[in-house]
Amino acid sequence: ENASPRLITAKHPNIVVYESSMLNCYGLQQLHSFIALPYLSFKEREYLNRADNMRNGHRKWKDSLMQFDVVGYDEFARELNAETVSNSNMKDKQRRPQQGELLQSRLHES
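Residues numbered from 1 in each chain as written. Predicted model: local features only at pLDDT ≥ 70, side-chain atom pairs only at ≥ 80, totals over all residues. Heavy atoms only, no water.

### Thoughts on the overall build of the protein
Along the protein, the regular secondary structure elements total 2 helices and 0 strands. Looking at the protein residue by residue over its 110 residues, the buried ones come to 3%. Taken as a whole, the protein presents about 11,500 Å² of accessible surface, with 57% of it coming from carbon and sulfur. (Helix = DSSP H or I, 4+ residues; strand = E, 2+ residues; numbered from the N terminus. Buried < 20%, exposed > 50% of the residue type's maximum accessible area, 1.4 Å probe, protein only. Areas by Shrake-Rupley, 256 points an atom, 1.4 Å probe, with all protein chains shown as cover.)

### Details of the confidence of the model for the protein
Averaged over every residue, the pLDDT of the protein is 79; residues scoring 70 or more account for 75%. This model gives residues 1–5 a pLDDT under 50, and the stretch forms 0 contacts once residues within four places in sequence are excluded. (pLDDT = per-residue confidence, 0-100. Contact = heavy atoms within 4.5 Å.)

### A look at the packing of aromatic side chains
Here the structure, examined in full by the defined rule, presents 1 aromatic pair. Between the aromatic rings of tyrosine 73 and phenylalanine 76, the centroid separation amounts to 6.2 Å while the plane-to-plane angle is 45°, which identifies the pairing as tilted. Here phenylalanine 76 and tyrosine 73 lie together in helix H2 (residues 73–109), a separation of 3 residues that amounts to about one turn. For phenylalanine 76, a relative accessible area of 44% translates into the label partly exposed. (Phe/Tyr/Trp six-rings, centres within 6.5 Å; stacked < 30°, edge-to-face > 60°.)

### Things to note about the pattern of salt bridges
Applying the stated rule across the entire model yields 2 salt bridges. Taking the shortest distance from any N to any O, the salt bridge between lysine 43 and glutamate 46 comes out at 3.3 Å. In this pair, lysine 43 and glutamate 46 are both assigned in helix H1 (residues 28–66), 3 residues apart and thus about one turn of the helix distant. What makes glutamate 46 partly exposed here is its relative accessible area of 26%. As a salt-bridge pair, arginine 55 and aspartate 52 come within 2.6 Å of each other at their nearest N and O atoms. Here arginine 55 and its partner aspartate 52 are both found in helix H1, 3 residues apart, which amounts to about one turn of the helix. For arginine 55, a relative accessible area of 52% puts it in the exposed group. (Salt bridge = Lys/Arg side-chain N within 4 Å of Asp/Glu carboxyl O.)

Now the structure itself:
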C-alpha cells in the first residue's frame, strides 16, 4: 500500500539548562529570570482579567444608571417639603398628648 507516513507530534517539555554556582553566584541572574518570567506572565494575565472584570462592572453600573428617570430639583424639593411637613405634623400630634400628661402629673404633684 502507498500510505503516507503520519507525523506524530507529541508535546515535549522545553528543557532549559542553566549553569549556576552558589560558590561565586555565577548564573544566578539567569536562574532568577527563568523563575520570574513565568510568574510575571501569570500576574499579567491575572491583572488583565481583573481589568476586564472591572470594565464590565463599570459598564453595567453605567447602563443601570442610565435607566433611571431624572427628577428635576423643583419636583424633588416639593416632595421633600411635603414629607417634612407631614413628618412634623405627626411629631406635633405625638408630642401634644405627652406634654399634656406631663402637665397633669406636675399639677397633681403640687
